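Geometric and topological summary
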Amino acid sequence: MNTNLAYQDEYPSELINGQIVMMSPSPVSNHFLAAGNIFSIFQYYLRGKKCTPYFDGFELFLTEKDHFRPDMMIVCDPNKIKYNGVYGAPDLVVEVLSPATAQRDRGYKKDIYEQCGVKEYWLVDTNNKSIEQYLLTDGKFVLHAVYTLYPDYMLADMTDEEKAELITEFKCSLYDDLTFSLADIFERVK
């Protein structure tokens, strides 16, 4: 079986547990906007630094049976970067959930990212405007936090004390001086 997953005809694919899985022809607007916003924040921050951000479509070779195309990843080891993809675990992977991929992103792919040593994994839910942040701890992903950007109608029903307790910014574990704003990540996401 040919496991080279270069764009096959019109649509890209992934190799998941040895099976070629065709991906959607193109992401919907909210998916694309959230992934692009995250990439832009990392791209600006990482200018002149050793780590490299990669946007949707760059192939990731993790095992013989698992070649993925994450929505966004950060790679800090330049030896893993080849002309046709990344070979080995990135430092951070971001997957934006969609109805067709959510089960794989939360299940099989999360397990493979964990087994291969990805240090941080984000699951981005554009419908709920939330991010699940998993950190690799003793070889296992542990849910560090879930961050949610609440809509105005929910904020209107909250007390000032409840609003004050909301977390609207968070940090990536890789960088102490980089703060993500949920409003920036979900800018223009409807």
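We now turn to the structure provided with this report. (Residues numbered from 1 in each chain as written. Predicted model: local features only at pLDDT ≥ 70, side-chain atom pairs only at ≥ 80, totals over all residues. Heavy atoms only, no water.)

Turning our eyes to something else, we now look at helix α3 (residues 108-116). Of the residues making up α3, those classed as buried are Lys-109, Lys-110, Ile-112, Tyr-113 and Glu-114. Gly-117 occupies a position one or two residues after α3 and carries a positive phi of about 95°. (Buried < 20%, exposed > 50% of the residue type's maximum accessible area, 1.4 Å probe, protein only. Helix = DSSP H or I, 4+ residues; strand = E, 2+ residues; numbered from the N terminus.)

A word on the state of the cysteines. For the coordinates displayed, the defined rule picks out 1 disulfide. Note that Cys-51 is cross-linked by a disulfide to Cys-76, the S-S spacing being 1.9 Å. Torsion about the S-S bond of the Cys-51 and Cys-76 cystine: about 105°, corresponding to right-handed handedness. Remark: Cys-76 occurs in the loop between β6 (72-75) and β7 (81-82) and Cys-51 occurs in the loop between α1 (29-46) and β3 (52-55); sequence separation between them is 25 residues. With respect to burial, Cys-51 and Cys-76 carry one shared label: buried. A disulfide-free cysteine, Cys-116 has its sulfur positioned 17 Å from the sulfur of Cys-76, the nearest such atom. (Disulfide = S-S within 2.5 Å.)

Structurally, Ser-98 is set in the loop between β9 (92-96) and α2 (102-106). For Ser-98, a relative accessible area of 19% puts it in the buried group. For Ser-98, the side chain forms a polar contact with the side chain of Thr-101, separated by 2.9 Å. (Polar contact = N/O pair within 3.5 Å; in protein donor to acceptor, adjacent residues only side chain to side chain.)

On the surface, a cluster of negative charge is contributed by Asp-160, Glu-161, Glu-162 and Glu-165. By the element assignment, Glu-162 lies in helix α5 (residues 160-165). According to the relative accessible area criterion, Glu-162 is partly exposed, its value standing at 43%. (Patch = residues over 30% accessible without salt bridge, like charges linked within 9 Å, V, L, I, M, F, W, Y side chains within 5 Å. Areas by Shrake-Rupley, 256 points an atom, 1.4 Å probe, with all protein chains shown as cover. Salt bridge = Lys/Arg side-chain N within 4 Å of Asp/Glu carboxyl O. Lys, Arg positive; Asp, Glu negative; His and termini not counted. Charge placed at Lys NZ, Arg CZ, Asp CG, Glu CD.)

Of all 5 residues that make up β9, 5 are buried, and the element is covered over most of its length. Side chains Leu-92, Val-94 and Val-96 of β9 all project onto a buried face; the interleaved residues Val-93 and Glu-95 project onto the opposite face, where all are buried too. Bridge analysis of β6 against β9 gives 3 bridges, and the strand direction is antiparallel. For Ile-74, the partnering residue across the bridge sits in β9 and is Leu-92. With 5 bridges joining them, β9 and strand β10 (residues 120-125) adopt parallel strand pairing. Considered in β10, the bridge of Val-94 is made with Trp-122. (Pairing = 2+ DSSP bridges.)

Any functional reading would require information beyond the geometric quantities listed.
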